[in-house]
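Okay, here's what each chain looks like letter by letter:
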Amino acid sequence: MNPRLQARAGSECPAHASSAAGLTEALLREEVQVAVIRAAVARPADLIFEKLARENMLIALPAKHHLVRRRASSEPAPIALRALAGERLILVRRHAAPGMYGNVVEACHKAGFEPLVVAEVEQMLTGINLVAAGVGISLVPA
């Protein structure tokens with residue numbers, strides 16, 4: 001465990017949910033002492049950011065989508081990001097998750113294509129429901 005965190009082990013830790021930007025602002029206002037965020041939106045000099053883990057992304061697809069493939073073991077087969085070129089993408093809105101949104105767009109650019117974003121939603125669950133309805137596909141944290 002991180003020595004700075006270990007010193008506070010056993011302390012009360014009330015939970016607050018917000019966006020990465022909201023949690024960063026709360027840290028600056030000293031409303032919270034620790035925040036766990038997926039992707040930093042800004043890195044103010046007054047704060048320390050430490051990587052705790054790397055999170056993989058999954059592709060959310062409708063069950064009968066042409067990219068759904070299975071191995072002989074009936075496990076899902078890997079899908080290259082490049083295979084999403086031209087697919088209708090549903091993402092969490094840039095202002096709600098700017099780090100994750102930016103990471104997805106950047107990864108698509110590195111894979112050689114411009115993502116076709118057809119919907120931006122406030123909540124990831126809304127995006128998953130749109131995927132189930134056949135509106136498009138989405139990338140979600142594992």
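A. Expanded view of the pairing of strand 4 (residues 137-141). The element strand 4 is largely enclosed, with a buried count of five among its five residues. Relative to strand 4, strand 2 (residues 88-92) runs parallel, the two being bridged by two bridges. Across the sheet, residue Ile-90 finds its bridge partner in strand 4, namely Ser-138.

B. Focus on empty space enclosed by the protein. Within the structure shown, the criterion is met by one cavity of 30 Å³ or more. In this model, the largest cavity occupies a volume close to 80 Å³. Lining the largest cavity we find 13 residues, and of these Ile-90, Leu-91, Val-92, Ser-138 and Leu-139 sit closest to its centre. In terms of residue class, the lining of the largest cavity is built from 11 nonpolar, two polar and no charged.

C. Region of the structure containing the nonpolar core. Within the largest apolar cluster, 11 residues are counted, these being Leu-67, Leu-84, Leu-89, Leu-91, Tyr-101, Val-104, Val-105, Cys-108, Phe-113, Ile-137 and Leu-139. Within the residue set of this core, elements represented by two or more residues are strand 2, helix 3 (98-110) and strand 4. Here this core gets four residues from one element, more than from any other, and that element is helix 3. Contacts of Leu-89, omitting those with residues within four sequence positions, involve Pro-115, Leu-116, Val-117, Val-118, Ala-119, Ile-137, Ser-138 and Leu-139. In this structure, Ile-90, Ala-119, Val-121 and Val-131 belong to the second largest nonpolar core, which totals five residues.

D. View of the sheet that holds strand 3 (residues 116-121). The strand order across the open sheet built from four strands is 1-4-2-3, with neighbouring strands paired in mixed fashion. Each of the sheet's edge strands pairs with one partner strand only, and the pair in question is strand 1 (57-60) and strand 3. Strand-to-strand twist across the sheet, computed as the mean angle between neighbouring axes with direction ignored, equals 30°. Bridge count between strand 1 and strand 4: four bridges; the pairing is antiparallel. By the bridge assignment for strand 4, Ile-59 is matched with Leu-139.

What counts and how
Residues numbered from 1 in each chain as written. Predicted model: local features only at pLDDT ≥ 70, side-chain atom pairs only at ≥ 80, totals over all residues. Heavy atoms only, no water. Buried < 20%, exposed > 50% of the residue type's maximum accessible area, 1.4 Å probe, protein only. Helix = DSSP H or I, 4+ residues; strand = E, 2+ residues; numbered from the N terminus. Pairing = 2+ DSSP bridges. 1 Å grid on protein atoms, 1.4 Å probe; cavity = no way out; pocket = protein on both sides within 12 Å on 5 of 7 lines; lining within 4 Å. Points joined across faces, edges and corners; volume = space filled by probe spheres on them. Nonpolar A, V, L, I, M, F, W, Y, C, P; charged D, E, K, R; others polar. Core = buried A, V, L, I, M, F, W, Y, C linked by side-chain atoms within 4.5 Å. Contact = heavy atoms within 4.5 Å. Axes fitted to C-alpha atoms, helices over the stretch in contact; angles between N-to-C directions.

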